[in-house]
Amino acid sequence: QVQLAESGGGLVQSGGSLRLSCTASGIIFRNFNMGWFRQAPGKERQLVAQIGANGYTKFYDDDVKGRFTISRHDAEKTTYLQMDRLKADDTDVYYCNAQYGSGWSTNWGQGTQVTVSS
């Protein structure tokens, strides 16, 4: 079962940038699609970006397209989310996860808080 550790969150002003990192263990990382999710209190977790095991296939939610960039470093078993031109609406707890078939691991990490001040 995958173990995930997110980091890099913090407080930033609107228009600023942050780079999130997610390190995975317990899996052959290079074989897995990876995704970044975010969740606000009382709301469901939402997929915002996904990267294929090939490193090229990428998906972005419309709310973040053009502002966020997902990448991966297989040797370091790490997935990154570069977040630029941040908005107050991007304030959430951000999580990463590994895709198993058509679903995602049920073993979530602790997440990392991103707070954007307007």
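This text goes with the structure placed above it.
Residues numbered from 1 in each chain as written. Predicted model: local features only at pLDDT ≥ 70, side-chain atom pairs only at ≥ 80, totals over all residues. Heavy atoms only, no water.

Peer 1: An account of the packing of aromatic side chains is requested, with residue identities and associated values reported.
Peer 2: If you walk through the whole model with that rule in mind, you get four aromatic pairs. Seen in terms of ring centroids, Phe 37 and Trp 104 are 5.0 Å apart; in terms of plane orientation they differ by 90°. Their pairing is edge-to-face. Note that Phe 37 is positioned in strand β4 (residues 34-39) and Trp 104 in strand β10 (residues 103-104), a separation of 67 residues in sequence. For Phe 37, a relative accessible area of 7% translates into the label buried. The exposure class assigned to Trp 104 is partly exposed, which follows from its relative accessible area of 23%. Three or more aromatic residues link up through ring pairs in this structure, and these residues are Phe 37, Tyr 95, Trp 104 and Trp 108. Just above the ring of Tyr 80 sits the side chain of Arg 19; from NZ or CZ to the centre is 3.9 Å. (Phe/Tyr/Trp six-rings, centres within 6.5 Å; stacked < 30°, edge-to-face > 60°. Helix = DSSP H or I, 4+ residues; strand = E, 2+ residues; numbered from the N terminus. Buried < 20%, exposed > 50% of the residue type's maximum accessible area, 1.4 Å probe, protein only. Lys NZ or Arg CZ within 6 Å of the ring centre and 35° of its normal.)

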